[in-house]
Amino acid sequence: DEVYDFRAIQDRWLPVWDELEPFRAGREGDVRPRKYILDMFPYPSGDLHMGHAEAFCFGDIVSRYWRGQGFDVLHPIGWDSFGLPAENAAIKRGIDPREWTYSNIDQQKKSFRLYAPSFDWSRVLHTSDPEYYKWNQWLFLEMYKKGLAYRKASWVNWDPVDQTVLANEQVLDDGTSERSGAVVVKKKLTQWYFKITDYADRLLDDLNQLEGAWPAKVLSMQRNWIGRSIGAEVDFEVEGHPEKISVFTTRPDTLYGATFMVVAPDADLAADLVAEATPEVAEAFQSYLTAVQKTSEVDRQNAEREKTGVFLHRYAINPVSGERIPIWAADYVLADYGHGAVMAVPAHDQRDLDFARQFDLPVRVVVDTTAPVTGVLPVIEFDGEGVPILPDDIESIDPAVTGRALTGDGRLTNSGPLNGLSKTNAIRRAIEVLEERGTGRSAKTYRLRDWLISRQRYWGTPIPILHGEDGELIPVPQEQLPVRLPASEGLDLKPKGSSPLGAADAWATVVDPDTGRQLRRDPDTMDTFVDSSWYYLRFLSAQDGTQAFDPAEAEKWAPVDQYVGGVEHAILHLLYARFITKVLCDLGYVNFTEPFSAVLNQGMVLLDGSKMSKSKGNLVEFADELDEHGADALRLTLAFAGPPEEDVDWADVSVHGSAKFLARAWRVAKDVSSAPDVDWKKGDQALRRHTHRFLAEAPGLTESFKFNVVVARLMELTNVTRKVIDSGAGPADPAVREAAEVITVALSMFAPYTAEDMWHRLGYEATVANAQWRKASPTLLVEESVTAIIQVDGKVRDRVEVSPKISVEDLEALARASEAVARATVGRQIVNVIVRAPKIVNIATTT
Ligand code: ANZ
């Protein structure tokens, strides 16, 4: 007897699929509705790993499902092939980053081919190809024209190991580099930025339209990252200084409680203020600044840290009270948030209070938090006995005494025109007062910073700008794109703080054909997040040499219906792709504002509870698993392991179990002995009901990503089918064929090779990938019935067909409604009814 042999099955069908190219989307004349399913494209470091196996398995289930539902599905693949790891590996091994990158891509392509995700291979792209990065340069220039790409000198995050700048997003919470692990320091450099802050409101507000379709966690991470604060901008005159200082505050209601001002020592403003200071003050400031520059951002934001600062011997004037307040520099104020300066209200802000207590500055309460505010009950704390803890006397809540700032609601006091108002009303009134006097206005501030895109590294997209000796910036004309990367031969790629491209003299020097003057190419390359911010559009026109993408194709396919990938991209990549999509929409290239209509984040593949890694020595190699168990068993195992959003522990799964099930399913198809045109209606009714229940439930389960449940239902249906084959009408029963076909089509989402072989054995042509899901028949979804007997005074009077699950009440109601029962009880009274659902009802009457 023939046995299930996954290797033979793989060898048999792979060449057939290569020939058929069943996953080419958008063929001429295809009128099916469309779906665009996208997996986050891989980075070519080595071969594919188990994480890839999992993510691409889920994306493929979704793709194959929608094909089976009658859609023309676009499921493309490409490589995110620029970036530091290639360069670092190249430096370490002395080989060309190009060679390293493309040989890894070849390896991954081979592995993918065997793993068999349903990719449209005609649209492959690699971001390191000039045909691709040419359009990064085009995008850059489009943004430059609109003022959305600009240069500025500022303090940037500097990775001293990789010797390159990092975006804020690439600095971890502990202040180290996401890439090298080095402690990130600050360095002042002139760099290129994309003006993402212009889009902050839209990036925030448009998240509302993704509610429910994106993971809630990702939405909240995006919201926090953008971090919008609403409040006011207040202008303060400075004695003996020509310019006013503006501060951002979320609490303009506390303006009368501002007893000093603090500026960030590293803000230009601070340098301005000490410009005319006495040598002593200037010196104290300088040495403080030097110390601050060695302090990490994280330490500066740590509220627990002891407050430090220097008095600048200057005074600001409170615009509403006219009060004169001292100006200090302190590092708890950040240079690049708001205006880099705060009005300090120590009574109501903890950081300001800590500072005031450290340096003996006045504290003035302007919100009486003990006074009740209409509609808001004061918060009272209770001790263990349930006795309210109340302050003994008013002094006990004085912040200057307790060291605790009063941040709650209350009534304004010591505040002139604001006295008596609640916090919310006082905020509104304070803004009105400021606006009337022209010394302030309502304002918003964001945590989001502009996107720093310059990198001082080799393996990336050259920035298409020429520099004149006078500092003039000249965009490279469109017809000269791409600006190709020079060969790496002869260049020192080792990080040294300036881009290796600057040393490629022949490449970097350009003579202006019109004027004959010498120009130099910008030596920096773009952050690779630029590459991935729009790649989903390039797939629509991957071979188009005349434009980045065809807007007509974008109209047909985009936005992406389902995006699948890791939660590690929850902030950066998704935010940048959303931003660039909005830019392209504003430029008229696309007619939608969000790139990804739905996102699925897969969990991680762990081993023994921890993340797999080479250094831990707990790596399960994808290639080994693929070789040992075959693509289908591997894919099925990943789908069956649990909800896709959750982590999978490889120690807990059974690939053997999956392989056994595949063999069982395969034998069902092999055993079917009826012809394809057999009349299903004549088949075993119980099996047919089971099959149609599966057909009714599997689509909803698949669409809500409950792949593991679908697999479980498939296993059940396979077992029931096997029982019918081994008994009753046997393999010739038409219901057996029906079940086998349904199993085959559904199984093709998880195990395409096995399903293809089953499809062939059932008498059909390749490929099962084109087979359509059948609709569940409503009549077969009605439950089986049983016959209930109704007796009156011990005599059978009626029989009714009821559901085996009928309730006692329903069955009694049916019995009482029976005409036969009515006839049998004429002139009598029912005194007792005993119901044994679903079989029997006994009615007793007065006799
Ligand atoms: C006066 C005030 C009184 C404030 C009060 C708070 C409470 P979020 O919510 O994070 O936006 N601030 C403004 N710019 C700053 C900077 N560059 N570095 C450090 N702190 C800065 O915080 C806004 C508040 O943070 C602002 O409101 C300001 O202090 C401070 F009872 O102004 B507030």
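All values derive from a computational prediction rather than experimental measurement.

**Q** Even after reading the chapter, I still don't get the overall build of the protein chain, so can you show me in this structure?
**A** From N to C terminus, the protein chain includes 27 helices and 34 strands. Along the three orthogonal principal directions, the C-alpha set of the protein chain runs to about 110 × 85 × 50 Å. Every one of the 847 residues in the protein chain was classed for burial, and the buried ones make up 53%. In the protein chain, once contacts between residues fewer than 6 apart in sequence are set aside, the share between residues at least 24 apart is 74%.

**Q** Just to check I follow, could you spell out the packing of helix H2 (residues 50–68) against helix H21 (residues 685–703) for this structure?
**A** Any two packed helices are characterised by how steeply their axes cross, that is the angle between the axes, and by the distance between the axes. It is at 10 Å that the axes of H2 and H21 come closest, and there the two elements cross at 135°. Of the possible angle classes, the one that applies to H2 and H21 is oblique. For the pair H2 and H21, the crossing hand works out as left-handed. Residue-level contacts link Ile61, Tyr65 and Trp66 of H2 to Pro699, Thr702 and Glu703 of H21. When its residues are assigned to classes, the contact of H2 with H21 shows 4 nonpolar, 1 polar and 1 charged.

**Q** Quick question: what am I supposed to make of the site of the ligand here?
**A** Lining the immediate environment of the ligand, one finds 17 residues, of which Ser229, Thr249, Leu334, Tyr337 and His348 sit closest. Within the contact set of the ligand, an oxygen atom lies 3.3 Å away from a side-chain nitrogen or oxygen of Arg351. Bound to the protein, the ligand loses 84% of the 640 Å² it would expose on its own. Counting only elements with at least two residues in the shell around the ligand, the list comes to strand E9 (245–249) and strand E13 (341–344). In the shell around the ligand, the residues fall into 8 nonpolar, 6 polar and 3 charged.

**Q** What is the right way to look at the packing of aromatic side chains in this model?
**A** In this description, an aromatic ring pair is defined by two values, namely the gap between the centres and the angle between the planes. Counted by the stated rule, this structure contains 43 aromatic pairs. Relative to Trp773, the ring of Tyr65 has its centre 5.7 Å away and its plane inclined at 75°; by these criteria the two rings are edge-to-face. Of this pair, Tyr65 sits in helix H2 while Trp773 sits in the loop between helix H24 (752–761) and helix H25 (778–781); the two residues are 708 residues apart in sequence, bridging distant segments of the chain. The burial state of Tyr65 is the same as that of Trp773; both residues are buried. The interplanar angle of 70° and the centroid separation of 6.1 Å between the aromatic rings of Phe705 and Phe707 together place this pair among those described as edge-to-face. Phe707 shares its class with Phe705; the two are buried. Feature note: the residues Phe140, Tyr144, Trp192, Phe194, Tyr199, Trp451, Phe529, Tyr576 and Phe579 constitute an aromatic cluster, connected by ring pairs. Cation over ring: Arg324 sits above Tyr315, and NZ or CZ is 3.9 Å from the ring centre.

**Q** Looking at this structure, I do not really get the UniProt feature "domain: Leucyl-tRNA synthetase editing" (unreviewed entry) in the protein chain. What am I missing?
**A** According to UniProt, the "domain: Leucyl-tRNA synthetase editing" (unreviewed entry) feature falls on residues 223–369. Along residues 223–369 one finds 27% helix and 27% strand; the C-alpha atoms at either end are 30 Å apart.

**Q** What is the right way to read the pattern of salt bridges from this model?
**A** Two side chains bearing opposite charge may form a pair once their charged atoms approach each other closely. In total, this model carries 48 salt bridges according to the counting rule given. Its salt-bridge partner being Arg32, residue Asp30 comes within 2.7 Å of it at the nearest N-O pair. What makes Asp30 partly exposed here is its relative accessible area of 22%. With its nearest N and O atoms 3.0 Å apart, the salt bridge here joins Arg517 to Glu472. Highlighted residues: Arg517 in the loop between strand E23 (509–511) and strand E24 (518–521) and Glu472 in the loop between strand E21 (465–467) and strand E22 (473–475), separated in sequence by 45 residues.

**Q** What is the right way to read the pairing of strand E5 (residues 149–159) from this model?
**A** Look at any regular strand and the pattern is simple: side chains alternate between the two faces of the sheet. As defined by bridge partners, E5 adjoins strand E7 (residues 185–194) across 10 bridges and the pair is classed as antiparallel. Residue pairing in the sheet places Trp158 in a bridge with Val185 of E7. With 3 bridges connecting them, E5 and strand E6 (residues 164–166) associate as antiparallel partners. The partner of Trp158 across the bridge, within E6, is Val165. Between the end of E5 and the start of E6, which pair antiparallel, lie 4 residues, with Gln163 showing a positive phi angle near 55°.

**Q** Sorry, what's going on with the sheet that holds E24 here?
**A** Consider a sheet: its strands pair through backbone hydrogen bonds, and that pairing is either parallel or antiparallel. The strand order across the open sheet formed by 4 strands is E22-E21-E24-E23, and the pairing between neighbours is antiparallel. The open sheet has two edge strands with one neighbour each: E22 and E23. Each adjacent strand pair in this sheet contributes to an overall mean axis angle of 40°, direction not counted. Pairing of E21 with E24, which is carried by 2 bridges, proceeds in the antiparallel orientation.

**Q** Could you clarify how one ought to interpret unusual backbone geometry in this entry?
**A** Peptide bonds are, in most cases, trans, and in most cases residues other than glycine have a negative phi. Here the bond from Leu481 into Pro482 is cis, since omega is 0°, no more than 30 degrees from zero. Note on placement: Pro482 falls in the loop between E22 and helix H14 (505–508). In this chain, Ala837 is followed by Pro838 through a cis amide linkage whose omega measures 0°. With respect to the element layout, Pro838 can be found in the loop between strand E33 (830–836) and strand E34 (840–845). Here the phi dihedral of Asp360 falls at roughly 60°; this positive angle occurs in a residue that is not glycine. Within the element layout of this structure, Asp360 appears in the loop between helix H11 (350–359) and strand E14 (367–368).

**Q** Just to check I follow, could you spell out the nonpolar core for this structure?
**A** Across soluble globular proteins, nonpolar side chains show a tendency to be buried alongside one another. Counting 89 residues, the largest nonpolar core has Phe140, Trp451, Leu537, Phe579 and Phe596 as the members making the most contacts within it. Top contributing element to this core by residue count: helix H18 (residues 572–586), with 9 residues. Those residues within four positions of Phe579 in sequence are excluded, and the remaining contacts are Met143, Phe194, Lys195, Ile196, Tyr199, Leu203 and Trp451. Residues Val564, Val605, Trp650 and Val710 belong to the second largest nonpolar core, which totals 86 residues.

**Q** Where do I start with the sheet that holds strand E27 (residues 599–602) in this structure?
**A** On the basis of which strands lie adjacent, the open sheet formed by 4 strands has the order E2-E1-E26-E27 and parallel pairing. Every interior strand has two partners, whereas the edge strands, strand E2 (72–74) and E27, have only one. When strand polarity is set aside, the average angle formed by the axes of neighbouring strands in this sheet is 20°. Summarising the sheet, strand E1 (residues 34–39) and strand E26 (residues 562–566) pair through 3 bridges and their orientation is parallel. Looking across to E26, one finds that Leu38 is bridged to Tyr563. Contacts between H2 and the sheet are confined to E1, E2, E26 and E27, with E1 contributing the most and set at about 175° to the helix.

**Q** Any chance you could explain the environment of Gly309 here in plain terms?
**A** With respect to the helices, strands and loops of the structure, Gly309 is situated in the loop between helix H10 (297–300) and strand E11 (310–317). With 20 residues separating them along the chain, Gly309 and Leu289 place their C-alpha atoms 9.5 Å apart. Gly309 has contacts with Tyr288, Trp328, Ala329, Ala330, Phe355 and Phe359, leaving out every residue within four places of it along the chain.

**Q** Before we go on, may I ask you to explain the environment of Pro362 in this structure?
**A** Within the element layout of this structure, Pro362 appears in the loop between H11 and E14. Distance in space between the C-alpha atoms of Pro362 and Thr846 is 95 Å, their sequence separation being 484 residues. When residues no more than four places from it in sequence are discounted, the contact partners of Pro362 are Thr259 and Pro346.

**Q** Any chance you could explain the side chain of Thr249 here in plain terms?
**A** With respect to the element layout, Thr249 can be found in strand E9. A relative accessible area of 8% places Thr249 in the buried class. Here the side chain of Thr249 touches Arg251 through a polar contact of 2.8 Å, landing on its backbone nitrogen. Residue contacts for Thr249: discarding those within four places in its chain leaves Gly231, Ala232, Val234 and Met343.

Rules used in this analysis
- Residues numbered from 1 in each chain as written.
- Predicted model: local features only at pLDDT ≥ 70, side-chain atom pairs only at ≥ 80, totals over all residues.
- Heavy atoms only, no water.
- Helix = DSSP H or I, 4+ residues; strand = E, 2+ residues; numbered from the N terminus.
- Buried < 20%, exposed > 50% of the residue type's maximum accessible area, 1.4 Å probe, protein only.
- Contact = heavy atoms within 4.5 Å.
- Axes fitted to C-alpha atoms, helices over the stretch in contact; angles between N-to-C directions.
- Parallel < 35°, antiparallel > 145°, perpendicular 65-115°, else oblique.
- Left-handed = near helix turned anticlockwise from the far one by under 90°.
- Nonpolar A, V, L, I, M, F, W, Y, C, P; charged D, E, K, R; others polar.
- Near = heavy atom within 4 Å.
- Polar contact = N/O pair within 3.5 Å; in protein donor to acceptor, adjacent residues only side chain to side chain.
- Areas by Shrake-Rupley, 256 points an atom, 1.4 Å probe, with all protein chains shown as cover.
- Phe/Tyr/Trp six-rings, centres within 6.5 Å; stacked < 30°, edge-to-face > 60°.
- Lys NZ or Arg CZ within 6 Å of the ring centre and 35° of its normal.
- UniProt positions renumbered as here; feature names shortened; annotations may be inferred.
- Salt bridge = Lys/Arg side-chain N within 4 Å of Asp/Glu carboxyl O.
- Pairing = 2+ DSSP bridges.
- Core = buried A, V, L, I, M, F, W, Y, C linked by side-chain atoms within 4.5 Å.

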